[in-house]
Amino acid sequence: MSIHISQQFRHGSIALCILFCLLMLHANIGYTAFKDRKSIDHPSAKSTLKARQTAWRSRTSPERFNHVKRFDRNPGSSPVSEAYNVSDCRWAEGFGSPGPDGPVYASTTFDDGTGTALYVGGLFETAGGIPALSIARWDGTTWSPLGAGIYGEVYTLAVFDDGSGPALYAGGFFIEAGGMPATHLAKWDGTTWTAVGGFVGIDSAVLALAVHDEDGTGPNTQALYVGGDFITAGGVTVNGIARWDGTNWSALGTGMSDMVLALTVFDADGAGPGQPALYAGGAFETAGGTSAYGIARWDGTAWSALGDGMDDWVESLAVYDDGTGDALYAGGFFTTAYDPGPTAVPAQAIARWDGTSWSTLGAGIDDEVITMAVFDDGSGPALYAGGYFTTAGG
């Protein structure tokens, strides 16, 4: 198995462009909840929490939003050691330099009926010199806006079909999309923005989206799952995570005790009889009233813990096959994962869950992992990790 730090763009690679956007620019996330970060209070790991909370707050000082670590941005430079100003970051050849004029937090591909294109969301006013408020489309040649754009910040994007055809959904911290009221979640059908669920919307930031079918081959259809730092969706009390079936909002049990930062779908038993389940990572200590430190599994009916969870936040999730079968990878701000017991498993910022137990990935990563993605550069699929770190594997 290999873990890579993204070091440069490969010309013409949309996949690596997406990865670069997330790894390099996500560090500037402006949502104020992160400035007042509260550590997970795992009962087996209290000694280092105060020091690490202080370290987080120092990283989210005003100065922190101007500089992040450089990952071999130019050939011949010293990798992962030199600070640079985000405004100096350059889009690769073929992406219509100068690209968006502010940070990009999310990206995905979507076909609006005119062909598949790359969509990026963040906090910017122009893309390629063209007005595009916080969200833009790249068709391989030019940048274009999505109507009047989004007034606020876009943190997550997903494609979902609510029965009326595939559409692009944007979540974040905003109050308006396409010039119309839309609180924190909006739908783009290729021509028009609409608020999801009508005027009521979601009462605070949306930070993660995933599409999942809870009952597999059963009668239910896919739904959009929404995670973040909110209490209600469409007037329904949901506590950090909600399900949108295209018509109605519903809660997943009693929800979470704190915000959800990552969502993914994983089938723990592979070809076995079990259905894929929804996995959530975040800052919570309970899910559905059950102790679940930083990470939890939703089987369509109830929440359960993965072992005994983590000693701190989980901020990213990915499914990857290292040659021994698919496993769930968690990245974040933790140093220890816990198997049942609890049994401590040293896991510096990244860990692997095989459906039964946690394992470490070598010496781990020396600081926070914010995002992960699987990418094949021609030598086979590999897991890429990005964040605030300077060393990986020692």
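What counts as what
Residues numbered from 1 in each chain as written. Predicted model: local features only at pLDDT ≥ 70, side-chain atom pairs only at ≥ 80, totals over all residues. Heavy atoms only, no water. Pairing = 2+ DSSP bridges. Helix = DSSP H or I, 4+ residues; strand = E, 2+ residues; numbered from the N terminus. Axes fitted to C-alpha atoms, helices over the stretch in contact; angles between N-to-C directions. Buried < 20%, exposed > 50% of the residue type's maximum accessible area, 1.4 Å probe, protein only. pLDDT = per-residue confidence, 0-100. Contact = heavy atoms within 4.5 Å. Core = buried A, V, L, I, M, F, W, Y, C linked by side-chain atoms within 4.5 Å. Salt bridge = Lys/Arg side-chain N within 4 Å of Asp/Glu carboxyl O. Patch = residues over 30% accessible without salt bridge, like charges linked within 9 Å, V, L, I, M, F, W, Y side chains within 5 Å. Areas by Shrake-Rupley, 256 points an atom, 1.4 Å probe, with all protein chains shown as cover. Polar contact = N/O pair within 3.5 Å; in protein donor to acceptor, adjacent residues only side chain to side chain.

As for the sheet that holds strand E8 (residues 135–138)
- Pairing is antiparallel across the open sheet formed by four strands, whose spatial order is E4-E5-E8-E9. In the strand order of this sheet, the two ends are held by strand E4 (104–111) and strand E9 (143–145), each with one partner. The mean angle between the axes of side-by-side strands here comes to 30°, regardless of whether they run parallel or antiparallel.
- Sheet analysis places strand E5 (residues 116–122) next to E8, joined by four bridges and oriented antiparallel. From the neighbouring strand, Leu 118 faces E8, where its bridge partner is Trp 138.

Topic: the sheet that holds strand E25 (residues 295–298)
- An order of E21-E22-E25-E26 is seen for the four strands of this open sheet, with the pairing classed as antiparallel. For this open sheet the edge positions go to strand E21 (260–266) and strand E26 (303–305), each flanked by a neighbour on one side alone. Along the sheet, successive strands turn relative to each other by an average axial angle of 30°, direction set aside.
- Across four bridges, strand E22 (residues 277–282) lies against E25 in antiparallel orientation. Its bridge partner lying in E25, Gly 281 is registered against Ile 295.

So, the environment of Gly 355
- The topology assignment puts Gly 355 in the loop between strand E32 (350–353) and strand E33 (358–360).
- Owing to a relative accessible area of 31%, Gly 355 belongs among the partly exposed residues under this scheme.
- Distance in space between the C-alpha atoms of Gly 355 and Asp 326 is 9.6 Å, their sequence separation being 29 residues.

Re unusual backbone geometry
- Note the cis peptide between Gly 341 and Pro 342, where omega equals -5°.
- On the secondary structure map, Pro 342 appears in the loop between strand E30 (336–339) and strand E31 (343–346).
- With a phi angle near 65°, Ser 134 is a residue other than glycine that sits in the positive phi range.
- Counting through the fold element by element, Ser 134 comes out in the loop between strand E7 (130–131) and E8.

Here we look at the confidence of the model for the protein chain
- On average, residues of the protein chain carry a pLDDT of 81, and 75% of them reach 70 or more.
- Segment residues 1–36 is flagged for pLDDT under 50; beyond a separation of four residues in sequence, or across chains, it makes 117 contacts in the model.
- Low pLDDT, under 50, characterises residues 46–89; the stretch is placed with 89 contacts to residues that sit more than four places away or in other chains.

Brief notes about the nonpolar core
- In terms of nonpolar packing, the biggest core is built from 18 residues, with Ile 295, Met 310, Leu 317, Leu 328, Ala 330 and Trp 358 touching the most fellow members.
- Of all the secondary-structure elements, those providing two or more residues to this core are E21, E22, strand E28 (314–321), strand E29 (326–332) and E32.

Quick look at the pattern of salt bridges
- Using the criterion set out here, one finds three salt bridges in the structure.
- For Asp 112, the salt bridge identified is with Arg 137, shortest N-O distance 3.5 Å. Note that Asp 112 is positioned in the loop between E4 and E5 and Arg 137 in strand E8, a separation of 25 residues in sequence.
- Its relative accessible area of 12% is what places Arg 137 among the buried residues.
- Arg 352 is paired through a salt bridge with Asp 322; the nearest N and O atoms lie 3.5 Å apart. One end of the pair, Arg 352, is in strand E32; the other, Asp 322, is in the loop between E28 and E29, with 30 residues separating them in the sequence.
- On the basis of relative accessible area, Asp 322 is assigned to the partly exposed category, the value being 22%.

Topic: the pairing of E4
- Counting buried residues along E4, six of its eight residues qualify, which places the element largely inside the surrounding structure.
- In terms of strand pairing, E4 meets E5 through seven bridges, oriented antiparallel. What sits directly across from Val 104, in E5, is Gly 122.
- Counting the residues that bridge the hairpin from E4 to E5 gives four residues, and of these Gly 113 lies at a positive phi of roughly 110°.

With respect to a nonpolar patch on the surface
- A grouping of Leu 133, Tyr 151 and Ile 175 is seen on the molecular surface, where their side chains present a nonpolar patch of about 300 Å² in accessible area.
- Tracing the sequence through the fold places Tyr 151 in strand E10 (residues 150–161).
- According to the relative accessible area criterion, Tyr 151 is exposed, its value standing at 52%.

Focus: the side chain of Arg 137
- Within the structure, Arg 137 has its side chain in polar contact with the side chain of Thr 114 (distance 3.0 Å).
- If we ignore the near neighbours within four places in the chain, the residues touching Arg 137 are Asp 112, Thr 114, Gly 115, Ala 117, Leu 118, Tyr 119, Thr 142, Trp 143, Ser 144 and Leu 146.

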